[in-house]
Each structure stands twice: as C-alpha cells, then as structure tokens.
Amino acid sequence: MLVVSHIDLFTGAPRAVNVVLVVAAPAVFVLGLPLAWWLRRHRPGVYATFGTEPTEQPFSR
C-alpha cells in the first residue's frame, strides 16, 4: 500500500501514467489467475516451467 500511496515518487511519471500503472497491475494479476489455473489443469508441462530458468540450447545456424 505504501508504494501505491507514493507512486509518483516511485515512478517520477505524470499522474495519468501512475493511474494506469496502479489500475493495470492488479488487473493483470486478476486476469492471469484463471489462465494459470487453466494451464495447471490442462497443460501441466507449461505450468511446471513457470519461474524456471530456460535450459541452454546449443546455438545453431
């Protein structure tokens, strides 16, 4: 809550940008939850890779 109340100091951006950030961040979270639940149920392999480091692939040309 502290960051939201002082978002202008945190970003240094105009008020309109700060409002968009404060509204968009929770909206993306709320919209992402059903996607994560769906992926966990229907595509567990994709869900399992969330937050993992990518494996190194050999560089080929």
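The structure displayed is predicted, hence computed values, not measured ones.

Rules and cut-offs
- Residues numbered from 1 in each chain as written.
- Predicted model: local features only at pLDDT ≥ 70, side-chain atom pairs only at ≥ 80, totals over all residues.
- Heavy atoms only, no water.
- Helix = DSSP H or I, 4+ residues; strand = E, 2+ residues; numbered from the N terminus.
- Rg over C-alpha atoms; globule rule 2.2 N^0.38 Å.
- Buried < 20%, exposed > 50% of the residue type's maximum accessible area, 1.4 Å probe, protein only.
- Polar contact = N/O pair within 3.5 Å; in protein donor to acceptor, adjacent residues only side chain to side chain.
- pLDDT = per-residue confidence, 0-100.
- Phe/Tyr/Trp six-rings, centres within 6.5 Å; stacked < 30°, edge-to-face > 60°.
- Expected span 1.5 Å × (residues − 1).
- Bend = angle between axes of the 7 residues up to and from the residue.

Peer 1: So what about the overall build of the chain? Which residues, and what values?
Peer 2: Assigned secondary structure in the chain consists of four helices and zero strands. Secondary structure elements in the chain, listed N-terminal to C-terminal, are α-α-α-α. Whereas a compact globule of 61 residues would reach a radius of gyration of roughly 10 Å, the chain reaches 18 Å, over 25% beyond that. Judged by the C-alpha coordinates and their principal axes, the chain covers about 45 × 35 × 20 Å. Here the chain holds 61 residues, and 5% of them are scored as buried.

Peer 1: Quick rundown of the side chain of Asn18? Include the residues and the values.
Peer 2: Position of Asn18 relative to the elements: it lies in helix H3 (residues 15-42). You can call Asn18 buried: its relative accessible area is 6%. Engagement of the side chain of Asn18 in a polar contact is seen with the side chain of Thr11, the distance being 2.5 Å.

Peer 1: Got a sec to walk through the confidence of the model for the chain? Specific residues and values, please.
Peer 2: In this model, the chain carries an average pLDDT of 88, and 93% of its residues clear a pLDDT of 70 or more. Per-element confidence in the chain is highest for H3, whose mean pLDDT is 94, and lowest for helix H1 (residues 2-5), whose mean pLDDT is 80.

Peer 1: Before we move on, can you summarise the packing of aromatic side chains with the specific residues and values?
Peer 2: The relation between two aromatic rings is expressed through the spacing of the ring centres and the mutual angle of the planes. Applying the stated criterion to the full structure yields one aromatic pair. On the numbers, 5.7 Å between centres and 50° between planes, the contact of Tyr47 with Phe50 is tilted. With a relative accessible area of 31%, Tyr47 lands in the partly exposed category. Judged by relative accessible area, Phe50 falls into the partly exposed class, the value being 45%.

Peer 1: Go over H3, please, and point to the residues and values.
Peer 2: With 28 residues, H3 should reach 40 Å at 1.5 Å per residue; the first-to-last C-alpha distance of 41 Å fits that figure. The largest bend in H3 comes to about 25°, at Gly32, with the proline Pro34 one to four residues further on.

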